[in-house]
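Observations on the three-dimensional arrangement
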Amino acid sequence: MLAGERGEAVQLAMEILTRVGDVYGAEKMIEIASAHTVMTYYRIIMGAGVEICEKFAELGARYCVPTTLDPAGMDLKQWRELKIPEDYAERQMRIVKAQEKLGGIPIWTCTPYLHGNIPMPGQDLAWSESSAVVFANSVMGARTNRLTAVVDMAAGIVGRAPKFGLHLDENRQGKILVRINVKSKTLADSDYPAIGYFVGKQVADEIPVLTGVPRNVSTDQLKNMGAAMAASGSVALYHIPGVTPEARNIDKNFQKRKWDEVLDLDLKELKQTKEEMCTVNSGEVDFVTVGCPHYSIEEIRKLATLLEGKKIHKRTKFWIYTTRHVEMLAKRAGYSSIIEASGAQILTETCMLVSPTDIYGFKTLMTDSGKCAYYGPGLCKTEVLYGSIEDCVETAINGSYNKSKSQW
Ligand code: F3S
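Criteria and thresholds
- Residues numbered from 1 in each chain as written.
- Predicted model: local features only at pLDDT ≥ 70, side-chain atom pairs only at ≥ 80, totals over all residues.
- Heavy atoms only, no water.
- Helix = DSSP H or I, 4+ residues; strand = E, 2+ residues; numbered from the N terminus.
- Polar contact = N/O pair within 3.5 Å; in protein donor to acceptor, adjacent residues only side chain to side chain.
- Contact = heavy atoms within 4.5 Å.
- Salt bridge = Lys/Arg side-chain N within 4 Å of Asp/Glu carboxyl O.
- Buried < 20%, exposed > 50% of the residue type's maximum accessible area, 1.4 Å probe, protein only.
- Pairing = 2+ DSSP bridges.
- Axes fitted to C-alpha atoms, helices over the stretch in contact; angles between N-to-C directions.
- Near = heavy atom within 4 Å.
- Nonpolar A, V, L, I, M, F, W, Y, C, P; charged D, E, K, R; others polar.

A few words on the side chain of Ser-336. Along the polypeptide, Ser-336 turns up in helix α12 (residues 335–342). From its side chain, Ser-336 meets the backbone nitrogen of Lys-331 in a polar contact 3.2 Å long. Beyond its immediate sequence surroundings of up to four residues, Ser-336 is in contact with Glu-327, Ala-330, Lys-331 and Ile-346.

Structure (structure tokens):
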């Protein structure tokens, strides 16, 4: 491949991968089961990203393993109604075309593991998108480094990744014990992003082992916790004894383990973390946004129940981000009509952070997402409030947030 025997595109992809492998001291390449690429949103990858996608497509490259696509930089169906500038849309559509030519699976989501790119435990992958990486490693027991844009595409094209980091057994051990000292029965949905936010800040890029998480923790709770952990820190793998697959090894030696560090998270820290996730305390809110990572059908169902018979305040936009697939299910289940009747809107195949939400001039954003709370001020250029989905709905109805009524 490196010698060019399989064409220029494969040679170029292999050159990229061998360089990365050299930097990280990889001794060999390994075959991967799938790739997931973030070379999808114009807002972040910009003109250079468009050119790279097109270059590979023009050279005749094709993904040789299933390669799913992260969200696009705008709602691909409703971009005109959303007043996305024409020149921006034109560049985004060039990425769409190039990725289609390369054979990318057009799910346009950061939750590929819920939409057909479902790895088996122990499988090696080449994924980027930090929230998906931490889910694949931790919850599914697959193995991927937190790759970057371009490297993820190159891996999909050659079906290989350099073997280093989290592909190696010895680098998957938990290092820091985090004891969650909150009664597990009292942990609510809105606690999980805050736990993730706290842990990410404390452990940076180390591998935490979390105790105190109930065995019946849901997929969505893990999805939302991991996304926050991978945003406030750069965590790519965590273990939860009794829950995540690789924690079995820890279970056996749990009492005897020597930890590099032991952290405690009690109710006080949890509350402090939720406060830290907000840049303001109260006031008018003109943008309520959820679905980071993309909302599942269960989260949409819950939201529809809360919005039934209610009306969103006229000053406030309430945008819910999900996949085209979940949107279709929501329509068939009758959730979409309830949500739309309230004045809220479901947007698909993009999100509040990778589309140009800054063009609307929103002042204050409220979200139930730890990742969105972390990146919101920078990317949406707004003040940020974090709250439960109940808080988000109430805020959208009132057009303002009152901390004393918060359901934290
Ligand atoms: Fe997904 Fe966008 Fe959040 S890509 S994890 S919804 S920042």
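From this point, things continue past the structure.
On to the pattern of salt bridges, then. Inspection of the entire model under this criterion finds 19 salt bridges. The salt bridge involving Arg-315 is made with Glu-284; its shortest N-O contact spans 3.3 Å. Pair noted here: Arg-315 is in the loop between α10 (297–307) and β11 (317–322) and Glu-284 is in strand β9 (residues 283–284), with a separation of 31 residues, a long-range link. The class for Arg-315 is partly exposed, based on a relative accessible area of 34%. Given the relative accessible area of 53%, Glu-284 is considered exposed. A salt bridge links Lys-331 to Glu-327; the shortest N-O distance between them is 3.9 Å. Taken together, the residues span about one helical turn, with Lys-331 and Glu-327 both in helix α11 (residues 324–333) at a distance of 4 residues. We classify Lys-331 as exposed; its relative accessible area is 51%. The class of Glu-327 is buried, set by a relative accessible area of 10%. What you see here is one network of salt bridges that share partners, running through Lys-77, Glu-327 and Lys-331.

This part takes up the sheet that holds strand β7 (residues 208–211). If you trace the 3 strands from one edge of the open sheet to the other, you get β7-β6-β8, paired in parallel fashion. Because the sheet does not close on itself, it has two edges, and the strands there are β7 and β8 (261–265). This sheet shows a mean twist of 20 degrees between the axes of neighbouring strands, independent of strand direction. Direction of pairing for strand β6 (residues 176–180) relative to β7: parallel, over a ladder of 4 bridges. Paired with Val-178 across the two strands is Leu-210, which belongs to β7.

Another aspect to go through is the site of the ligand. Surrounding the ligand, one finds Pro-71, Cys-110, Glu-129, Ser-131, Gly-291, Cys-292, Pro-293, Cys-351, Leu-353 and Lys-371. In the shell around the ligand, the residues fall into 6 nonpolar, 2 polar and 2 charged.

Keep in mind these values describe shape, not function.
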